[in-house]
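Okay, here's what each chain looks like letter by letter:
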Amino acid sequence: MKESRTQTPAEDLIPYTHMLAYGIGSLTNNMLAAASGGMMIVLNLAYHMNPAWVALLGSIPRLTDALTDPLMGYISDNTRTRWGRRRPFIFVGAIAASVLFILLWQIPSGLSQGWLFAYFLAISLLFYLGYTVFATPWVALGYELTPDYNERVRLMGVQNFIGQSAYLIAPWFIWFMTLPALGDMATGASVLSVLIAIGCVVTGLVPALILRERFADYPKASLKDVDLVARAWHEIKQFIEGFVTTIANRDFLLLGGATFLVFNGFQLIAAFQSYVIIFYLYGGDSSAAAPLLGILGTVTAVGTFAVIAITTFLTPIVGKRNAFFICIGISTLGYASKWFLYSVEFPYLILVSAPLIAFGLGSLFTLMGSMIADVCDLDELKTGKRREGMYGSVFWWVVKLGMALAIAMGGLLLNATGFDVELGSAQSEHTLYLLRVFDVVVPTLTSLLAIGLIWFYSLSEARVRGVRVELEQRRGQF
């Protein structure tokens, strides 16, 4: 579908300092996400917890986001303070989530498996609540920083580019936690959590302190003369109305569904690659496999940096929808190629797939953030309300719901392969075969399904710009 192209007006350009400030916030968002998922393997390898239990600990807290994410989005959309709708929550959430992440990995010694499960679950629930208080307003803030179709892509490209630094570091977590100087992996996780939390506090406060909100004074119905019960009922009805309107938006559903498939197809088998490399390529020797795991993650992260730049450059030329087809198509090819690249004789051959696979997640969150911002404009045209928080929270709830299901299913799939940590290097050939099958087939199929969904997405550049003209005629320039 060919789209008309127009230059971004000077008044719609985001200052570079503000782009950087928003992007630095993504370091907190991505590092907490990467660490909370990537360190879960410690529960299996260091504490010998059953993979199915580990999967439950990864999935149950995320299920609570079904309520906390949309609720936080609604609160953020409807809060009016001298500091704005978003920034106070970003400030408090960055601190709370970081402190709770430290507590999560200070696991008392001598706990039984049941008490270990209970401790980790309780702190996880609090951690993810703090994470939501930071992440939901931060995401929403990005949707409103510019009204321009292409400047939104550049903003999301910058934040995604900066945020990928977290995934450049995350692949080395296992290496760090297994350093002989730290004693054992459990102690390594405890020390690592403190280092991660310090970095997340510093980077998470930057957007709260530097950025200014474009819709901070957007009108809201006054309830000063309404009694407490009526006010509460009004807020409940508004929340339900906003949630229903959001999930009924066809283009938004397509974006959410495609993201669910691409991101969670990857998450479903995220740990499988590590297991294949450790137990298939290196016969169960995690120390020998650690350098390849680190290098593979680094190559993927570096490739993702390049993909973000390519996506940001390509999208204004071909349009957001066509850019999605191109990038996800390349990543699908990368996933499929892994079947031929896992080689015991040449283990480093798997590095060839990494730059191709990087086109998936590298393009996904550059494109989706800018496309949801476009959807928010269309929603305002139809409803007269700005609901970046609600759209952002429901979008990420869908992602995290899928992540919860993926983690739970991942544990079940791992058990289905017959993998047993107690066997060490003595895993069966059938187990090693199934590990490779799931690692290749699952993300390949989900990526193809995502391409099918975006085929029906309808917001072209011309339509988005037309919506903006109508909005500005209605409410005037901001």
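Keep in mind that what you see is a predicted model, and the values were worked out from it rather than measured.

Novice: Just to check I follow, could you spell out the packing of helix α15 (residues 320–341) against helix α16 (residues 354–383) for this structure?
Specialist: Helix packing geometry: the angle between the two helix axes and the distance between the axes. One way to put it is that α15 packs onto α16 with a least axis distance of 7 Å and a crossing angle of 155°. Accordingly, the angle class assigned to the pair α15 and α16 is roughly antiparallel. The two elements α15 and α16 meet at a crossing, and its hand is left-handed. When α15 is examined against α16, the residues Lys 320, Ala 323, Phe 324, Cys 327, Ile 328, Ile 330, Ser 331, Gly 334, Tyr 335 and Lys 338 are found in contact with a partner set consisting of Leu 356, Ile 357, Phe 359, Gly 360, Ser 363, Leu 364, Leu 367, Met 368, Ser 370, Met 371 and Asp 374. Considered class by class, the residues forming the contact of α15 with α16 number 13 nonpolar, five polar and three charged.

Novice: Quick question: what am I supposed to make of helix α12 (residues 250–268) here?
Specialist: Every α-helix winds through 3.6 residues per turn, so residues three or four apart in the chain are directed the same way. Here α12 is 19 residues long and its end C-alpha atoms lie 26 Å apart, about the 27 Å a rise of 1.5 Å per residue gives. Among the residues of α12, the N-terminal cap falls to Asn 249, whose side-chain oxygen and the backbone nitrogen of Asp 251 are separated by 3.2 Å.

Novice: What am I meant to see in the pattern of salt bridges here?
Specialist: A side chain with one charge can pair with a side chain of the opposite charge if their charged atoms come near. For the structure shown, the criterion picks out 19 salt bridges. With its nearest N and O atoms 3.2 Å apart, the salt bridge here joins Asp 379 to Arg 387. For Asp 379, a relative accessible area of 3% translates into the label buried. Note that Arg 386 is salt-bridged to Glu 388, the shortest N-O span being 2.6 Å. Its relative accessible area of 0% is what places Glu 388 among the buried residues. Each of Asp 77, Arg 85, Arg 86, Glu 144, Arg 152, Lys 320, Asp 374, Asp 377, Glu 380, Arg 386 and Glu 388 takes part in salt bridges that share partners, so that together they form one network.

Novice: Sorry, what's going on with the nonpolar core here?
Specialist: A general tendency of soluble globular proteins is for nonpolar side chains to be buried together. Membership of the largest hydrophobic core comes to 123 residues, with the highest contact counts inside it found for Met 39, Trp 105 and Phe 324. Among the elements that take part in this core, helix α6 (residues 113–144) stands out by supplying 14 residues, more than any other. Those residues in contact with Trp 105, other than ones at most four positions away along the chain, are Met 39, Met 40, Val 42, Leu 43, Phe 120, Ala 189, Ser 190 and Ser 193.

Novice: Would you take a moment to explain the side chain of Gln 159 for this structure?
Specialist: Examined against the element boundaries, Gln 159 turns out to sit in helix α7 (residues 149–163). On the accessibility criterion, Gln 159 (9% relative accessible area) is buried. Discounting chain neighbours no more than four positions away, the residues touching Gln 159 are Tyr 22, Gly 23, Ser 26, Trp 138 and Phe 365.

Novice: When you look at the packing of α12 against helix α18 (residues 429–454) in this model, what are you seeing that I'm missing?
Specialist: Between α12 and α18, the least distance of the axes is 8 Å, while the angle of their chain directions is 170°. Between α12 and α18, the crossing angle belongs to the class labelled roughly antiparallel. Between α12 and α18, the contacting residues are Leu 254, Leu 255, Gly 257, Ala 258, Leu 261, Val 262, Gly 265, Phe 266 and Leu 268 on the first element and Val 442, Pro 443, Thr 446, Leu 449, Ala 450, Leu 453 and Ile 454 on the second. When the residues that make up the contact of α12 with α18 are grouped by side-chain class, the tally is 13 nonpolar, three polar and no charged.

Novice: Please clarify how the packing of aromatic side chains should be interpreted in this entry.
Specialist: The full count for this structure, using the stated rule, is 19 aromatic pairs. For the pair Trp 172 and Trp 175, a centre-to-centre distance of 6.0 Å together with 90° between the ring planes defines the contact as edge-to-face. Ring geometry for Phe 252 against Tyr 391: centres 5.0 Å apart, planes inclined by 85°, an arrangement best described as edge-to-face. Of this pair, Phe 252 sits in helix α12 while Tyr 391 sits in helix α17 (residues 388–416), placing them 139 residues apart in sequence. Note on accessibility: Phe 252 and Tyr 391 belong to one class, buried. The rings of Phe 101, Phe 127, Tyr 128 and Tyr 131 are connected pair by pair, giving a single aromatic cluster. Between Arg 436 and the ring centre of Tyr 280, over which it is positioned, the NZ or CZ distance is 4.2 Å. Seen from the ring of Trp 339, Arg 436 lies directly overhead, with NZ or CZ sitting 5.6 Å from the centre.

What counts, and at which threshold
Residues numbered from 1 in each chain as written. Predicted model: local features only at pLDDT ≥ 70, side-chain atom pairs only at ≥ 80, totals over all residues. Heavy atoms only, no water. Axes fitted to C-alpha atoms, helices over the stretch in contact; angles between N-to-C directions. Helix = DSSP H or I, 4+ residues; strand = E, 2+ residues; numbered from the N terminus. Parallel < 35°, antiparallel > 145°, perpendicular 65-115°, else oblique. Left-handed = near helix turned anticlockwise from the far one by under 90°. Contact = heavy atoms within 4.5 Å. Nonpolar A, V, L, I, M, F, W, Y, C, P; charged D, E, K, R; others polar. Expected span 1.5 Å × (residues − 1). Polar contact = N/O pair within 3.5 Å; in protein donor to acceptor, adjacent residues only side chain to side chain. Salt bridge = Lys/Arg side-chain N within 4 Å of Asp/Glu carboxyl O. Buried < 20%, exposed > 50% of the residue type's maximum accessible area, 1.4 Å probe, protein only. Core = buried A, V, L, I, M, F, W, Y, C linked by side-chain atoms within 4.5 Å. Phe/Tyr/Trp six-rings, centres within 6.5 Å; stacked < 30°, edge-to-face > 60°. Lys NZ or Arg CZ within 6 Å of the ring centre and 35° of its normal.

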